[in-house]
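Commentary on secondary and tertiary structure
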Amino acid sequence: MRLIPSVSFRLMYRLGLTPWDSGIPPPELIEVIEGARHLPTGRALDLGCGTGTTTIYMATNGWQAIGVDFVPAAIRAARAKAVATRLAVAFLVGDVTRLRELPIEPGFDLLFDQGCFHSLPETAQPAYAGEVTRVARSGATYLLYAFGRRSGERRRRFFPKGVTPDEVRARFSEFELVEARPGTDPFGSHWYTMRRR
Ligand SMILES: C[S@@+](CC[C@H](N)C(=O)[O-])C[C@H]1O[C@@H](n2cnc3c(N)ncnc32)[C@H](O)[C@@H]1O
């Protein structure tokens, strides 16, 4: 039996089973914020932001950043971290497949997703893609980290199904897939860099 995703994630946060919550931004994000591929600062949306590490990192570097997650405990933790840094970062409890229900203006320059899209049920992925497409300005960068396909019973039970580069290209057809960089972890993951047409 599978729990519905919001219940599973609530439970994981409650039990402290959050192995993704490293507290440090990934090098692939650092690269576009202050590294070799750095972008001019603007508005950033962190989809499935968890406890806000990456949202706060972007805000620290001059971005007007908003984090969205559907687990209230994660957003509470993110807000507490933001208060400690004295930064103006907006954290919203909400569903990334229903962004239009949130007080969010479209026109983002950077969209970031580390591990949210691949955890969505397949039936919810079109709504997510529609929302990301709607809120991204033309020319916006979309940096997505997603697990790849893995086989085996253990994977099927405990890990998201994962996606392939071809599926990402098809799902986000209003974006140009600029790069699919294999991750360095054992999840067959990729870091996808996309640009809104
Ligand atoms: C693997 S965690 C990654 C969290 C964060 N991006 C990080 O790297 O620390 C995935 C996050 O996506 C959130 N999430 C999953 N589906 C969501 C949805 N439909 N709407 C909003 N948040 C969602 C979960 O609550 C969880 O915090």
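Just above sits the structure.
Residues numbered from 1 in each chain as written. Predicted model: local features only at pLDDT ≥ 70, side-chain atom pairs only at ≥ 80, totals over all residues.

What about the sheet that holds strand β4 (residues 108–114)?
The condition that has to hold: A pair of strands is treated as paired once DSSP finds two or more bridges between them. Secondary structure elements are defined from DSSP: runs of H or I of at least 4 residues count as helices, runs of E of at least 2 residues count as strands, and each element is numbered from the N terminus. A fitted line through C-alpha atoms represents every axis, and for helices the fit uses only the stretch in contact; the resulting angles, taken between N-to-C directions, go from 0 to 180 degrees. With C-beta atoms placed from the backbone, a contact is any residue pair whose C-beta atoms sit within 7 Å.
Spatially, the seven strands line up as an open sheet ordered β3-β2-β1-β4-β5-β7-β6, and their pairing is mixed. The sheet terminates laterally at β3 (90–93) and β6 (175–182), the two strands that pair on one side only. Across this sheet, the average inter-strand angle for adjacent strands is 15°, counted without regard to direction. Packing against the sheet, helix α3 (residues 53–60) makes contact with β1 (43–47), β2 (64–69), β3 and β4, and its axis sits at approximately 170° to β2.

A few points about helix α4 (residues 72–85)
Applied cut-off: Here the expected span of a helix is defined as 1.5 Å times the quantity of residues minus one. Exposure classes come from backbone-placed C-beta atoms, where a residue is buried if 20 or more other C-beta atoms lie within 10 Å of its own, exposed if 12 or fewer do, and partly exposed in between. Here the arc refers to the directions that run from the helix axis out to each C-beta atom.
The terminal C-alpha atoms of α4 lie 20 Å apart, and with 14 residues this matches the ideal 20 Å at 1.5 Å per residue to within 8%. All of the buried residues in α4 are A74, I75, A77, A78 and A82. Taken around the axis of α4, the buried residues stretch over an arc of 160°, which confines them to a single face. Opposite its buried face, α4 presents the exposed residues P72, A80, V83 and A84, each directed more than 90 degrees away.

Topic: unusual backbone geometry
For R86, which is not glycine, the phi dihedral falls at a positive 60°. Within the secondary structure, R86 sits in the loop between α4 and β3. In this structure R86 comes out as exposed when scored by C-beta crowding, with 6 C-beta atoms within 10 Å.

What about helix α5 (residues 125–135)?
Along α5, the residues that are buried comprise Y128, A129, E131, V132 and V135. In an axial view of α5, the angular spread of the buried residues amounts to 165°, which keeps them on one side of the axis. Among the exposed residues of α5, those oriented more than 90 degrees off its buried face are P126 and R134. Of the surrounding secondary structure, the elements contacted by the buried residues of α5 are β1, β4, β5 (136–146) and α7 (165–171).

A look at the site of the ligand
Test applied: We call a residue near a molecule or strand if the C-beta atom, set from the backbone, is within 6 Å of it. Residues are grouped as follows: Ala, Val, Leu, Ile, Met, Phe, Trp, Tyr, Cys and Pro are nonpolar; Asp, Glu, Lys and Arg are charged; all remaining types, including Gly, are polar.
In the vicinity of the ligand, 21 residues are found, and the nearest of them are F9, G48, G50, F70 and G115. Counting only elements with at least two residues in the shell around the ligand, the list comes to α1 (5–15) and β2. Considered class by class, the residues forming the shell around the ligand number eleven nonpolar, seven polar and three charged.

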